[in-house]
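# Observations on chain architecture
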Amino acid sequence: AVAGSTVELACGAQGDPAPRVQWHKERGDLPWGRHEVDQEHTLRLYAVMPADAGTYVCTAQSQLGTAAASARLRV
């Protein structure tokens, strides 16, 4: 991603009942005040900077179990 741009990371998690979805960054925190997660579980990072580079993990959890997917961001 280009520094200063907005990045979207999608996380497609479905189930009945709907799973609980959470995002986190490996070895760090989500950018404070510069991120949001929408109803479709898409993580948006605003005004990305080199410090935001890293691996982001989406975890979906329900009574049936847990699934996770990751994406690597380079700035």
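Residues numbered from 1 in each chain as written. Predicted model: local features only at pLDDT ≥ 70, side-chain atom pairs only at ≥ 80, totals over all residues. Heavy atoms only, no water.

Where we set the bar: UniProt positions are given in the numbering used here, feature names are shortened, and annotations may be inferred rather than shown by experiment.
The name given to the protein in an unreviewed UniProt entry is Ig-like domain-containing protein, with Spheniscus mendiculus as the source organism. Turning to the protein, the UniProt annotation filed under Subcellular location (unreviewed entry) states: "Cell membrane".

## Quick look at the sheet that holds strand E1 (residues 7–9)
In a beta sheet, neighbouring strands are held together by backbone hydrogen bonds and run either parallel or antiparallel to one another. Where we set the bar: Strands qualify as paired when DSSP identifies two bridges or more between them. Runs of H or I in DSSP of at least four residues are treated as helices and runs of E of at least two as strands, each being numbered from the N terminus. Helix axes are fitted only over the stretch in contact, all axes being lines through C-alpha atoms; the angle between N-to-C directions runs from 0 to 180 degrees.
What the three strands build is an open sheet, ordered E1-E4-E3; its pairing is antiparallel. Strands at the two margins of the open sheet, each flanked by one partner only, are E1 and strand E3 (35–37). Here the strands of the sheet are splayed against their neighbours by 15° on average, with no regard to which way each runs. Of the pairings in the sheet, the one linking E3 to strand E4 (residues 43–45) comprises three bridges and is antiparallel in character. Paired with glutamate 36 across the two strands is arginine 44, which belongs to E4.

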